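Residue strings, one per chain:
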Amino acid sequence: MGSGHAEGSSQGLAQHGIVVGVDGSDQSTCALLWAAREAERRRAPLYVVTAYTVPVFAASSMDAGYATVDDDVMRESAQSVLNESLARLEGMSVDVHPRVETGDAAGVLLDFSEEAELMVVGSRGRGGFVGRLLGSVSSALPAHAKCPTAVIPVCTGARLGHPELGRKQGKDRPAAAVEPVVVVGVDGSEQARMASLAAAEEARSRGLALRVICSVAPFNGSLAWVPAPVDREALHADLAVQLAAGRDWLQSHFPDVDIRVDLVDGPPAEILIEASATSELLVVGTRGRGGFAGMLMGSTSQGVLHHARGPVLIVPDKADPRLEDRSSFGPMIAPTR
């Protein structure tokens, strides 16, 4: 296991490194272990990062000596967290670069995302580093990171051979059998198509099948404005044709991946959470006009990330030339608004 300097900034970060945020919590330990395995698989360097901020009352104190002491104490505490995390990686074939950073947790990771290949965080934390990421600034990292972000729930510990990590949170229930499949949710948005490309890449690199899911949410009072009863059979038939065209397009770019498309009834969030329990990886886009991808920027998004029962990969918007030939394969799903 290699190592780097325990201090510094994101300057000099390897172009294709994996960055994981740690704070000493069970959640961040799960994220760390998952990130380390991913670094081994990709043969990429692993940056283990913890961050701290000096309390405002200390930083603004007239007693400069007190502020200095406080900073030293905070840094020592952060270094201790980092050391404990590094001990977890003993024996793994990973090129590790530990970092202690000062600054806002989300800001630190967003800065690292400029050069990273992948960001990895736990779904909850102590409220210091990772805990803040899915707290008041929960959407900041997935929505604005320049690279994909993997969010690892604490229940993933069972998959990683450490079921004890979820016991304090009461999430050590027997893990469902994991199928050799990557799942991606689509809703007809451009962002969902980008997510499907990323999911296919993940499936190919892992030697797994890809399951593409499109959910038809139940109609309720929010759609009372619909002038006539919706013919669900006709809707399903139209969507099936469009999904088949989408599958053909995706298959053209990934001929060696086993791709299955499923059209299902049910609330998108519930469908995603259920799928996360039995898939190696669940992939979603950062934005969308509705359904799967759109919910990440809405009220449903936190529910999915907080209740997912397996790793979730959030793919940011980016230009991709492979999107240009989608229309030549047939009709496309019109995103819901």
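Heads up: the structure comes first, above all this text.
Residues numbered from 1 in each chain as written. Predicted model: local features only at pLDDT ≥ 70, side-chain atom pairs only at ≥ 80, totals over all residues. Heavy atoms only, no water.

> Would you explain the overall build of the protein chain in this entry?
Helix and strand content of the protein chain: 11 helices and 10 strands. Classification of the 337 residues of the protein chain by burial places 49% in the buried group. Once local pairs closer than 6 in sequence are excluded, the contacts in the protein chain between residues at least 24 apart make up 80%. Accessible area for the protein chain stands at about 15,300 Å²; split by element, carbon and sulfur atoms hold 52% of it. (Helix = DSSP H or I, 4+ residues; strand = E, 2+ residues; numbered from the N terminus. Buried < 20%, exposed > 50% of the residue type's maximum accessible area, 1.4 Å probe, protein only. Contact = heavy atoms within 4.5 Å. Areas by Shrake-Rupley, 256 points an atom, 1.4 Å probe, with all protein chains shown as cover.)

> Explain empty space enclosed by the protein here, please?
Regions of empty space are outlined by a rolling probe, equal in size to a water molecule, passed over the atoms. Enumeration over the complete set of coordinates arrives at 4 cavities of 30 Å³ or more. The volume enclosed by the largest cavity comes to roughly 200 Å³. Sorting the residues of the lining of the largest cavity by element identifies helix H7 (190-206), helix H8 (232-253) and strand E8 (259-265) as the ones contributing at least two each. Among the residues forming the lining of the largest cavity, the class breakdown is 10 nonpolar, 5 polar and 3 charged. (1 Å grid on protein atoms, 1.4 Å probe; cavity = no way out; pocket = protein on both sides within 12 Å on 5 of 7 lines; lining within 4 Å. Points joined across faces, edges and corners; volume = space filled by probe spheres on them. Nonpolar A, V, L, I, M, F, W, Y, C, P; charged D, E, K, R; others polar.)

> What am I meant to see in the pairing of strand E4 (residues 118-122) here?
Remember that side chains alternate between the two faces of the sheet whenever the strand is regular. E4 sits mainly inside the fold: 5 of its 5 residues count as buried. Sheet analysis places strand E1 (residues 18-21) next to E4, joined by 3 bridges and oriented parallel. Note that in E4 the partner of Ile18 across the bridge is Leu118. The sheet contact formed by E4 and strand E5 (residues 149-152) spans 4 bridges and is parallel. Looking across to E5, one finds that Met119 is bridged to Thr149. (Pairing = 2+ DSSP bridges.)

> How should the pattern of salt bridges be read in this particular structure?
A complete count under the given rule lists 13 salt bridges for this structure. The salt bridge involving Glu38 is made with Arg42; its shortest N-O contact spans 2.8 Å. With a gap of 4 residues between them, Glu38 and Arg42 both fall in helix H1 (residues 26-42), about one helical turn apart. Overall, the relative accessible area of 4% leaves Glu38 in the buried class. The exposure class of Arg42 is partly exposed, given its relative accessible area of 23%. A salt bridge links Glu202 to Arg42, with the nearest nitrogen and oxygen atoms 3.3 Å apart. (Salt bridge = Lys/Arg side-chain N within 4 Å of Asp/Glu carboxyl O.)

> Which parts of the structure should I look at to understand the packing of H1 against H7?
Relative orientation and spacing of two packed helices are given, respectively, by the angle between their axes and the distance between those axes. As a packed pair, H1 and H7 sit with axes 11 Å apart at the nearest point and diverge in direction by 70 degrees. Our classification of the angle between H1 and H7 gives roughly perpendicular. Of the residues in H7, those touching H1 at Trp34, Glu38, Arg41 and Arg42 are Glu202, Ser205 and Arg206. (Axes fitted to C-alpha atoms, helices over the stretch in contact; angles between N-to-C directions. Parallel < 35°, antiparallel > 145°, perpendicular 65-115°, else oblique.)

> I would appreciate a short explanation of the nonpolar core in the present structure.
Taken as a class, soluble globular proteins show a tendency for nonpolar side chains to be buried jointly. Counting 60 residues, the largest nonpolar core has Val20, Leu46, Val48, Val120, Leu210, Leu250 and Val283 as its most contacted members. Dropping the residues within four chain positions of it, Val283 is found in contact with Val182, Val183, Val184, Gly185, Ala195, Ala199, Leu313 and Val315. Of all hydrophobic cores here, the second largest spans 29 residues; its members include Val49, Leu272, Val304 and Val312. (Core = buried A, V, L, I, M, F, W, Y, C linked by side-chain atoms within 4.5 Å.)

> I tried to follow the environment of Ala277 on my own but got confused; where do I start?
Its place among the elements puts Ala277 in the loop between helix H9 (268-276) and strand E9 (279-285). A relative accessible area of 6% means that Ala277 is categorised as buried. Separated by 98 residues in the primary sequence, Ala277 and Glu179 place their C-alpha atoms 9.3 Å from one another. Discounting residues that sit within four places of it in the chain, Ala277 has contacts with Arg159, Ala176, Val178 and Arg309.

> Could you clarify how one ought to interpret the sheet that holds strand E2 (residues 46-52) in this entry?
Strand pairing in a sheet takes place through backbone hydrogen bonds and is either antiparallel or parallel in direction. Taken in spatial order, the 10 strands of this open sheet run E3-E2-E1-E4-E5-E10-E9-E6-E7-E8, and their pairing is mixed. Two strands lie at the open edges of the sheet, namely strand E3 (96-102) and E8, each paired on one side alone. Strand-to-strand twist of the sheet, defined as the mean angle between neighbouring strand axes without regard to direction, takes the value 25 degrees.

> Would you take a moment to explain unusual backbone geometry for this structure?
With glycine set apart, most residues show a phi of negative sign, and most peptide bonds adopt trans. Look at Arg43: it is not a glycine, yet its phi comes out positive at around 55 degrees. Mapped onto the elements, Arg43 comes out in the loop between H1 and E2.

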